[in-house]
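# Overview (structure and organization)
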Amino acid sequence: VLEEQSQIQVEEIFPIQIPAAAGEPVHLPSAAAVRTKDGRVIAHLIEWEGGLEHVWDQPGIYPVVGVLKDTNIPVNGEVCAAEQAPSENLPLRKLTAVQDGVTLLPGSDFYEAQERMHTYLLRTNPDQWLYNFRRAAGLSTGDAPAMTGWDSPDGLLRGHSTGHYLSSLALCWHATGDGEIRQKAAYVVDALKACQDAFAAQEGYHPGFLSAYSEEQFDLLEEYTPYPKIWAPYYTLHKILAGLLDLHRLAGLEKALEIAVGIGDWVYARLHRLNHEKRVRMWGIYIAGEYGGMNESMAALYHITGKKEYLEAARFFDNDRLFFPLEQNVDALTGMHANQHIPQVVGAMKLYEATGERRYHDIAERFWALASGSRMYAIGGVGESEMFHEPGKIAGLLTKSTSESCASYNMLKLTKELYQYCPAPAYMDYYRSEERRVGKEC
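Residues numbered from 1 in each chain as written. Predicted model: local features only at pLDDT ≥ 70, side-chain atom pairs only at ≥ 80, totals over all residues. Heavy atoms only, no water.

Per the secondary structure count, the protein chain includes 16 helices and 8 strands. In summary, the protein chain has a C-alpha radius of gyration of 22 Å against a globular reference of 22 Å for 442 residues, a match within 12%. If one aligns the C-alpha atoms of the protein chain with their principal axes, the spans along those axes are about 65 × 55 × 45 Å. Put simply, the protein chain has 442 residues, and 51% of those count as buried. In the protein chain, the proportion of contacts linking residues at least 24 apart, taken out of those at least 6 apart, comes to 65%. (Helix = DSSP H or I, 4+ residues; strand = E, 2+ residues; numbered from the N terminus. Rg over C-alpha atoms; globule rule 2.2 N^0.38 Å. Buried < 20%, exposed > 50% of the residue type's maximum accessible area, 1.4 Å probe, protein only. Contact = heavy atoms within 4.5 Å.)

Quick look at the structure:
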């Protein structure tokens, strides 16, 4: 699905107020909510005078000015610099999801579904799932068959399915205790470590890098190369990193964590050398800048290791185009790629867990309410042709491309995170595909 060019006619720019600490760097939002003359509310990029990063040494209210990108339409905002941030009553975790000690008994549809996947995983050839990694790292692929579909050797998303494979092995081992599944997982992890080491030994590669293609995809993203010339390199990397973390958490494979730490170091080193303005511009690129839940996985890596660079790296993925309108408490989801952004909000919840910054929690809570309200179909799905459309008008968008399953899966992940902080009935109702708003239970 190609992104349509915007022909914007502005009716209103929603108020822009940015809290800041005096004497500390503050980043102006690279996008804000705009109402168009045809009544739509969208997020639009802003070019601020003097760039995005500023410092105000003294407390006070400071005006900032700019223009909407690609227009001459002026934008005005204000920064409220205070000596220190006001104290807040933060949402506290009230429940914890239980995963250990839970097994399914024969006789249910859930058990049958589990066993179908279990049987499938036992039949898989791990060398096929390693094919693209070994090929990219210059290692022998032996007689393994090549991957197909989006993971075919010439596909720009190659490697992402192997990340899902790692997660499925971790979950299957945890659910069934089947030693053959764990043996497969350990074999794949050993092979991926060999690939990571082979990349590090080659000229032009940086330590910790692991993928099913070269670093060129990431170089091109930093040059703002659009989709479909490149296709979401950080999205693919997230699937690999998440799979490794699942194997460490659920199967106890320490080498999986070792590989993940190497990837985390590579991500931090790569993004730390870029300024904030460059990063937010990258994440705003349709599909090419899609990064899955990299913020979630980097926050998880910080939780495991305590290494502050990983938390900083998780923040590097803050996406103003999505996050700031939600901070404004404005619905500007129209025109956004649904599943490009839902995992980013799951990551916001993990950042709240790691930092205690209220804004991350509010972003997630508001997003859920908007997506599950007047944009949700009766079956619980969201989006049409992978996009969010105007609220209250989705009945006219019932097609074969309605309710992408990826979006449904990630909405359930977000619901689970929010429910642990606010066990309101509406969150559980969502699992039953009922459309209700979260009230004031919490």
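Here the focus is the sheet that holds strand S4 (residues 31–36). As summarised here, the arrangement of the 6 strands in space is S1-S4-S5-S7-S8-S2, forming an open sheet in which the pairing is mixed. Each edge of the open sheet is held by one strand with a lone partner, namely strand S1 (10–13) and strand S2 (17–21). Direction aside, the axes of adjacent strands within the sheet are offset by 45° on average. Where S2 and strand S8 (residues 74–82) come together, 5 bridges link them in parallel fashion. Paired with alanine 21 across the strands is alanine 82, a residue of S8. Packing against the sheet, helix H12 (residues 320–327) makes contact with S2, S4 and strand S5 (41–48), and its axis sits at approximately 70° to S4. (Pairing = 2+ DSSP bridges. Axes fitted to C-alpha atoms, helices over the stretch in contact; angles between N-to-C directions.)

On to empty space enclosed by the protein. Across all of its chains, the model carries 2 cavities of 30 Å³ or more by this definition. In this structure, the second largest cavity encloses a volume near 40 Å³. Contributing to the lining of the second largest cavity are Arg375, Tyr377, Gly383, Glu384, Met387, Phe388, His389, Ile394 and Leu397. Of the residues in the lining of the second largest cavity, the class split is 5 nonpolar, 2 polar and 2 charged. (1 Å grid on protein atoms, 1.4 Å probe; cavity = no way out; pocket = protein on both sides within 12 Å on 5 of 7 lines; lining within 4 Å. Points joined across faces, edges and corners; volume = space filled by probe spheres on them. Nonpolar A, V, L, I, M, F, W, Y, C, P; charged D, E, K, R; others polar.)

Let us look at the packing of aromatic side chains. The tally for this structure, following the rule as stated, stands at 23 aromatic pairs. Geometrically, the ring pair formed by phenylalanine 199 and tyrosine 205 is tilted, given 5.0 Å between the ring centres and 45° between the ring planes. Look at phenylalanine 199 and phenylalanine 209: their rings are 5.0 Å apart centre to centre, the planes differ by 80°, and that puts the pair in the edge-to-face class. Of this pair, phenylalanine 199 sits in helix H5 (residues 179–200) while phenylalanine 209 is found in the loop between H5 and helix H6 (216–222), placing the two residues 10 residues apart along the sequence. Per residue, the accessibility class of phenylalanine 199 equals that of phenylalanine 209, and both read buried. By the ring-pair criterion, three or more aromatic residues cluster together here, those being Phe199, Tyr205, Phe209, Tyr213, Phe218, Tyr234, Trp266, Trp283, Tyr291 and Phe317. Stacked on the ring of tyrosine 235, the Lys or Arg lysine 239 has its end atom at 3.8 Å from the ring centre. (Phe/Tyr/Trp six-rings, centres within 6.5 Å; stacked < 30°, edge-to-face > 60°. Lys NZ or Arg CZ within 6 Å of the ring centre and 35° of its normal.)

Moving on to the environment of asparagine 275. Along the chain, the position of asparagine 275 falls in the loop between helix H8 (254–272) and helix H9 (276–283). Accessibility expressed as a relative area gives 49% for asparagine 275, which makes it partly exposed. A polar atom in the side chain of asparagine 275 sits 3.2 Å from the backbone nitrogen of glutamate 277. Within the local environment of asparagine 275, its side chain forms a polar contact with the backbone nitrogen of lysine 278, the two atoms lying 2.7 Å apart. (Polar contact = N/O pair within 3.5 Å; in protein donor to acceptor, adjacent residues only side chain to side chain.)

Turning our eyes to something else, we now look at the nonpolar core. In terms of nonpolar packing, the biggest core is built from 106 residues, with Tyr234, Met298 and Phe367 touching the most fellow members. Once residues lying within four places of it in the same chain are set aside, the contact partners of phenylalanine 367 are Leu322, Leu326, Leu333, Ile342, Val345, Phe388, Met411 and Leu414. With 21 residues, the next largest nonpolar core counts Ile8, Leu68, Val75 and Val79 among its residues. (Core = buried A, V, L, I, M, F, W, Y, C linked by side-chain atoms within 4.5 Å.)

When H9 is considered as a whole, its buried residues turn out to be His276, Arg279, Val280, Met282 and Trp283. For H9, the arc enclosing every buried residue in end-on projection is 155°, short of the 170-degree limit, so these residues lie on one face. Elements that come into contact with the buried residues of H9 comprise strand S3 (25–27), H6, helix H7 (233–251), H8, H12 and helix H13 (338–355). Near the N-terminus of H9, the side chain that reaches the backbone nitrogen of glutamate 277, with its oxygen 3.2 Å away, is that of asparagine 275. (Arc of directions from axis to C-beta.)

A few words on the environment of glutamine 202. Of note, glutamine 202 is situated in the loop between H5 and H6. Sequence spacing of glutamine 202 and glycine 138 is 64 residues, and the spatial spacing of their C-alpha atoms is 9.3 Å. For glutamine 202, the residues in contact, after removing those within four places along its chain, are Ala137 and Gly138. Engagement of the side chain of glutamine 202 in a polar contact is seen with the backbone oxygen of alanine 198, the distance being 3.4 Å.

The predicted model of the protein chain averages 93 in pLDDT, with 96% of residues at 70 or higher. The low-confidence segment residues 434–441, where pLDDT is below 50, has 20 contacts with residues more than four positions distant or belonging to other chains. (pLDDT = per-residue confidence, 0-100.)

The next point concerns the packing of helix H14 (residues 358–372) against helix H15 (residues 405–421). The N-to-C vectors of H14 and H15 enclose an angle of 125°; their axes lie 11 Å apart at closest approach. On the basis of the axis angle, H14 is oblique to H15. For H14 against H15, the interelement crossing comes out left-handed. Residues His361, Ala364, Glu365, Phe367, Trp368, Ala371 and Ser372 of H14 form the contact with H15, whose participating residues are Met411, Leu414, Thr415, Leu418 and Tyr421. When its residues are assigned to classes, the contact of H14 with H15 shows 8 nonpolar, 3 polar and 1 charged. (Parallel < 35°, antiparallel > 145°, perpendicular 65-115°, else oblique. Left-handed = near helix turned anticlockwise from the far one by under 90°.)

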